[in-house]
2 protein chains.
Amino acid sequence: MSYAEYFSSRRDEHLNELKDWLSIPSISALSEHKADIRRAADWLMGALERAGLEHIELHPTSGHPVVYADYLHAPGKPTLLIYGHYDVQPVDPLNLWTTPPFEPDIRDGKLYARGATDDKGQVFLHIKALEAFLKQEGALPVNVKLCIEGEEEIGSPHLTAFLEANRDKLAADAVVVSDTALLERGRPAICTGLRGLASMEVTVSTANTDLHSGSYGGGVPNALHAIVSLLATLHDDKGRVAVDGFYEGVPELSPLMREEFAKQGVNEEQIRESLGLGALYGEEGYSFVERIGARPTLELNGVYGGFQGEGSKTVIPKEAHAKITCRLVGEQDPQHVLDAIEKHLKANIQTGAEVAVKQMEKATAFNIDPSNEFLQIAADAYGKVYGTRALFTKDGGSIPIMASFSRVLQAPVVLMGFGLGDENLHAPDEHFNLENFDKGLLTLVEFIRAL
Amino acid sequence: MSYAEYFSSRRDEHLNELKDWLSIPSISALSEHKADIRRAADWLMGALERAGLEHIELHPTSGHPVVYADYLHAPGKPTLLIYGHYDVQPVDPLNLWTTPPFEPDIRDGKLYARGATDDKGQVFLHIKALEAFLKQEGALPVNVKLCIEGEEEIGSPHLTAFLEANRDKLAADAVVVSDTALLERGRPAICTGLRGLASMEVTVSTANTDLHSGSYGGGVPNALHAIVSLLATLHDDKGRVAVDGFYEGVPELSPLMREEFAKQGVNEEQIRESLGLGALYGEEGYSFVERIGARPTLELNGVYGGFQGEGSKTVIPKEAHAKITCRLVGEQDPQHVLDAIEKHLKANIQTGAEVAVKQMEKATAFNIDPSNEFLQIAADAYGKVYGTRALFTKDGGSIPIMASFSRVLQAPVVLMGFGLGDENLHAPDEHFNLENFDKGLLTLVEFIRAL
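So, how was this worked out
- Residues numbered from 1 in each chain as written.
- Chains lettered and ligands numbered in written order.
- Predicted model: local features only at pLDDT ≥ 70, side-chain atom pairs only at ≥ 80, totals over all residues.
- Heavy atoms only, no water.
- Helix = DSSP H or I, 4+ residues; strand = E, 2+ residues; numbered from the N terminus.
- Rg over C-alpha atoms; globule rule 2.2 N^0.38 Å.
- Buried < 20%, exposed > 50% of the residue type's maximum accessible area, 1.4 Å probe, protein only.
- Contact = heavy atoms within 4.5 Å.
- Disulfide = S-S within 2.5 Å.
- Buried area = accessible area lost by both parts, 1.4 Å probe.
- Nonpolar A, V, L, I, M, F, W, Y, C, P; charged D, E, K, R; others polar.
- Pairing = 2+ DSSP bridges.
- Salt bridge = Lys/Arg side-chain N within 4 Å of Asp/Glu carboxyl O.
- Least-squares fit on C-alpha atoms with pLDDT ≥ 70 in both.
- Expected span 1.5 Å × (residues − 1).
- Arc of directions from axis to C-beta.
- Domains from an automatic or database assignment.
- Phe/Tyr/Trp six-rings, centres within 6.5 Å; stacked < 30°, edge-to-face > 60°.
- Lys NZ or Arg CZ within 6 Å of the ring centre and 35° of its normal.
- Axes fitted to C-alpha atoms, helices over the stretch in contact; angles between N-to-C directions.
- UniProt positions renumbered as here; feature names shortened; annotations may be inferred.
- Parallel < 35°, antiparallel > 145°, perpendicular 65-115°, else oblique.

Some remarks on the overall build of chain A
Within chain A one finds 15 helices and 18 strands. In terms of C-alpha radius of gyration, chain A reaches 23 Å, essentially the compact-globule figure of 22 Å for 451 residues. C-alpha atoms of chain A, sized along the principal axes, occupy 80 × 50 × 45 Å. Split into buried and exposed, the 451 residues of chain A put 61% on the buried side. At a minimum sequence separation of 6, the contacts of chain A that also span at least 24 residues come to 78%.

Encoded structure:
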């Protein structure tokens, strides 16, 4: 039976199996889900065993565990290390989900659930592609190792140490990762660049208690005034980050790179309209794809303080909070970036208010040369299934651990993604288009066969 | 038995009765407490009946009801209208209360509960002072009417209409209100000015969905960036409100008025220290008491949008919110002020973002001439009990309905407060110093007796 027939005959069974995994709320950012993270890891180990993989191991870290498995019976053939993650993003605002995030639902050829595309759905493709080889042919034409972690959505704080401690065990000729997206429907892409990530929490404090705005208003600092004035200084009126030293290590865009970006033929007007925006907005002098692919950012992900209930409350709050993440490019050093922002915040805080900073994730950007042979073989594999060869692109997202993989294992990283840009990653109604579920399985089979 | 003996012998009984009332969470701002508001009104009617008052009536409004009662058996003597409110502020952040807000607790001579000082505790003094007269002497030396509402903390939206519709029923020679504070412990004050109030909710929207900061960050407007930039434009770097037209109707401070403020002898350093502040902050060129007594403000009471949970979330939120209240002075027109702010916000919103405004409370400032005889008699009454005559002050707070009372009933308003400025009105651990509970009862008796 052809692989197409094989996957087609088992489609419902596979989808039900994936739904089962997606129903586990393995949110790594929230400590109350620690047991769910463990359940998701256990589920994964069961699936790897059913697939016929060997040496299935749970490696504890001081955070959430790493799941390892391998199948090493093709001497002389290349060894692939497949990386992915079984943890997912938080789900709020919950009321904006059409169906609950952990009750997977298929509508209009799309599977809706938190983690459907980022990244359980894409990890599942690898497991089922390997299982298909083992069921159909009794063996794999290459050696494979799997390393699936549970902390990607919180910046992989323990994986680099795990890689360093298990350098020999994980040694491979190439690292394969499915956690990125096609350019658009029917247009596959292999990502050759990812932005780095640096994040922090900011707390602004004023008085030792909330105060009544009648008795004190006008005479004391207000933590909310202090934080909005402070945060407003982080950008200038041209959309640039106004923090001294922030742009150190950011490469200038060469004419050649700008040509490459232009080739993607992104229709900015269409993006603007699909997002319901009056206008796109960003750093002056760059196109939309350049802004998200090649420029660093400083984004406010959350700002809060004071009264949030119904009606009004005449309070002067004593504290206010902000959550900030930066996307980094080129040689930007995340530690340097966080220090520069912290220095800026402390220098610009209003009289009578204090600012405290908690530094969090730190990941450098990732880049790979598209002429690498594994990337070329992968691009061809997409071509066979999608009818059009994959383009080499730069993605605005971050997979913080990619730079560690290429540094520690000294192996090329092949980012073979099967998601789509509009699948609501990290937002309500995350979903995975089943067209790419089907084609993803076949593309992975073609890739492994061609190695 | 003297009134001092009378109140002393019934102190525990009175405090238990008040605790009973304070345990009802009559939060007018939150619709889920509608039934509690009604329970608090019913409790109040019972207390008025026990006190011996007559014609106890519940007047429904399209919001929360007004409670009325009277005792009109002193022909030829003046008629007092006692006004107060039985609703309270919301209680969040709940975790900052030492004991739960609706489980009244006495510690160190202070009664802790939401509403202890604002305003159930102070209304309760009037009821018990009248009850004492009726129990001790079988009659009142003046005529009294009571009008206790349930919507003061949301800006008394229906009371002006109620006053207008019941002008004759409520007619009085003076209106007496206990909802303000002493200058400090042992230094009584009669407030001759209150600031007006204007409030609004602001919503900033960008895309039609939350977006992933990797896929879109740097290329689309972020509702949080838009709102902090926008809110930061509301003040200049001298602490002045930077909205065109905001200061229309604000009187200049005359040298005489500045002298009056200076007389209060407020120790700014002591205030700064007691609030745990690095520095006081406000409009340049004015002292602390001038800033809160005679200058208008624009305060952010709440700002929120995006992720507020533990850890980080790489989201670009589609909307962000702010709650704003202004304190108004002199002839400032609340409608004009709200319109001016709305115009400013719409003119300054960032490209790609939209701003919507919901206007809410609107109350003009209140001022009365201290030479009025009712105010003079009240100042003497304080003198007899506290050993020092009450000073005439201006308070920074707002009792939105005061201007309506003086306009509709054409009667002087006597603000005889018994709170203290540090009793955490509108904040966690609101409390009422029992020293002023005891002296308040006696002061009200002296006042009524002297009329």
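Focus on unusual backbone geometry
Residue and element names in this part refer to chain A. Backbone torsion omega between aspartate 118 and aspartate 119 reads 10°, so that peptide bond is classified as cis. Within the element layout of this structure, aspartate 119 appears in the loop between β5 (110-112) and α4 (120-137). In this structure, glutamine 410 takes a positive phi of about 50° despite not being glycine. In this fold, glutamine 410 is placed in the loop between α14 (402-408) and β17 (413-416). A residue is classified by how much of its surface remains accessible, and glutamine 410, at 67% relative accessible area, is exposed.

Quick word on the state of the cysteines
In the structure shown here, the tally under the stated rule is 0 disulfides over all chains. Between A:Cys191, a free cysteine, and A:Cys147, which holds the nearest cysteine sulfur, the sulfur-to-sulfur gap is 19 Å.

Details of the interface of chain B and chain A
Taken together, the contact between chain B and chain A spans 89 residues of the former and 88 residues of the latter. Carbon and sulfur atoms make up 54% of the surface buried where chain B meets chain A, a total of about 7,300 Å² over both sides. Considering only the side of chain B, the residues that lose the most area to chain A are B:Leu275, B:Tyr281 and B:Lys313, jointly responsible for 9% of the buried surface there. Taken together, the residues that form the side of chain B that touches chain A break down as 34 nonpolar, 40 polar and 15 charged. Here strand β11 (residues 297-306) of chain A runs beside strand β11 (residues 297-306) of chain B; their pairing, made up of 5 bridges, is antiparallel. Looking across to β11(B), one finds that A:Tyr304 is bridged to B:Tyr304.

Let's talk about the pattern of salt bridges
Residue and element names in this part refer to chain B. Scanning all chains against the criterion turns up 47 salt bridges over all chains. Lysine 128 serves as the salt-bridge partner of glutamate 17, at 3.0 Å between the closest nitrogen and oxygen. With glutamate 17 in helix α2 (residues 11-22) and lysine 128 in helix α4 (residues 120-137), this residue pair connects regions lying 111 residues apart in the sequence. Take glutamate 17 and lysine 128: they sit in the same class, and that class is buried. Across the pair aspartate 36 and arginine 39 runs a salt bridge, and its minimum N-O distance is 3.1 Å. With aspartate 36 and arginine 39 both in helix α3 (residues 34-51) and 3 residues apart, this pair spans about one turn of that helix. Assessed through its relative accessible area of 14%, aspartate 36 is described here as buried.

Topic: the pairing of β17(A)
On a regular strand, each side chain points to the face opposite its neighbour's, so the side chains alternate between the two faces of the sheet. Residue and element names in this part refer to chain A. Residue alternation in β17 divides its side chains into two sets, Val413 and Leu415 and Val414 and Met416, and both sets are buried. Relative to β17, strand β8 (residues 189-194) runs antiparallel, the two sharing 2 bridges. For isoleucine 190, the partnering residue across the bridge sits in β17 and is methionine 416.

Some details on the relation of the copies chain B and chain A
Expressed as a screw operation, the relation of chain B to chain A combines 0.1 Å of axial shift with a rotation of 180°, fitting to an RMSD of 0.1 Å. Given the turn and translation reported, the copies of this chain are related as if by a two-fold rotation axis. Same-surface contact between copies: 99% of interface residues of chain B are shared with the interface of chain A.

Here we look at the side chain of B:Arg272
On the secondary structure map, B:Arg272 appears in helix α10 (residues 268-274). If we ignore the near neighbours within four places in the chain, the residues touching B:Arg272 are B:Leu277, B:Gly278, B:Ala279 and B:Leu280.

A closer look at helix α13 (residues 373-386) of chain A
Residue and element names in this part refer to chain A. Between the first and last C-alpha of α13 there are 20 Å, a value that for 14 residues agrees with the 20 Å anticipated at 1.5 Å per step. Buried within α13 we find Phe374, Leu375, Ala378, Ala379, Ala381, Tyr382 and Tyr386. Down the axis, α13 shows its buried residues gathered within 155° of arc, on one side only. Turned more than 90 degrees away from the buried face of α13, the exposed residues are Glu373 and Lys384. Elements in contact with the buried residues of α13: β3 (79-85), β7 (174-177), β8, β16 (391-395), β17 and α15 (434-450). Of the residues trailing α13, glycine 387 is marked for its positive phi of about 80°.

A word on the domain arrangement of chain A
All names here are of chain A. Here chain A is described as being made up of domain 1 (3-194 + 365-450), domain 2 (197-250 + 296-362) and domain 3 (253-288). If you look at the interface, domain 2 gives 5 residues, while domain 3 gives 4 residues. In this assembly, domain 2 packs against domain 3 so that about 380 Å² is buried in total across both faces, 38% of it on carbon and sulfur atoms. For the domain 2 face of the interface with domain 3, the top three residues by lost area are Lys238, Gly239 and Arg240, together amounting to 76%. Where domain 2 packs against domain 3, one counts 1 salt bridge.

Digging into the packing of aromatic side chains
All told, the structure shown has 22 aromatic pairs over all chains when counted by the stated rule. Between A:Phe246 and A:Tyr247, the ring centres sit 5.2 Å apart and the planes meet at 80°, which makes this aromatic pair edge-to-face. Accessibility expressed as a relative area gives 0% for A:Phe246, which makes it buried. Here B:Tyr83 and B:Phe405 contribute two aromatic rings whose centre-to-centre distance is 5.0 Å and whose plane-to-plane angle is 55°, an arrangement assigned as tilted. Of the two residues, B:Tyr83 is situated in strand β3 (residues 79-85) and B:Phe405 in helix α14 (residues 402-409); the sequence distance between them amounts to 322 residues. Across the pair, exposure class does not vary: B:Tyr83 and B:Phe405 are buried alike. Among the aromatic residues, those joined into a cluster by ring pairs are A:Tyr3, A:Tyr6, A:Phe7 and A:Phe133. Stacked on the ring of B:Trp43, the Lys or Arg B:Arg50 has its end atom at 5.5 Å from the ring centre.

A short note on the sheet that holds strand β4 (residues 105-107) of chain A
Residues and elements named next belong to chain A. Here we have 3 strands laid out as an open sheet, ordered β4-β5-β18, and antiparallel in their pairing. Edge positions in the sheet fall to β4 and β18 (431-433), since each of these pairs with one other strand and no more. The sheet shows a mean angle of 25° between the axes of neighbouring strands, direction not considered.

Notes on the UniProt feature "domain: Peptidase M20 dimerisation" (unreviewed entry) in chain A
Here the UniProt-annotated "domain: Peptidase M20 dimerisation" (unreviewed entry) positions come out as residues 192-347 of chain A. The distance from the first to the last C-alpha atom of residues 192-347 of chain A is 38 Å, and the span holds 33% helix and 24% strand.

Structural notes on the environment of B:Val445
Residue and element names in this part refer to chain B. By secondary structure assignment, the location of valine 445 is in helix α15 (residues 434-450). Spatially, the C-alpha atoms of valine 445 and leucine 159 are 28 Å apart, while their sequence positions differ by 286 residues. In this structure, valine 445 is in contact with Tyr3, Phe7, Ala129 and Phe133, ignoring residues within four places of it in sequence.

Considerations on the packing of α2(B) against α3(B)
Residue and element names in this part refer to chain B. Two elements in contact, α2 and α3, have axes separated by 10 Å at closest approach and are oriented at 155°. Put simply, α2 runs roughly antiparallel to α3. Together, Glu17, Asp20 and Trp21 of α2 and Ala40, Trp43, Leu44, Ala47 and Arg50 of α3 make up the contact between the two elements.

Considerations on α15(B)
Given a rise of 1.5 Å per residue, 17 residues ought to cover 24 Å, and the 24 Å separating the end C-alpha atoms of α15(B) matches this to within 8%. For α15(B), the complete set of buried residues consists of B:Leu434, B:Asn436, B:Phe437, B:Gly440, B:Leu441, B:Thr443, B:Leu444, B:Val445, B:Glu446, B:Phe447 and B:Ile448.

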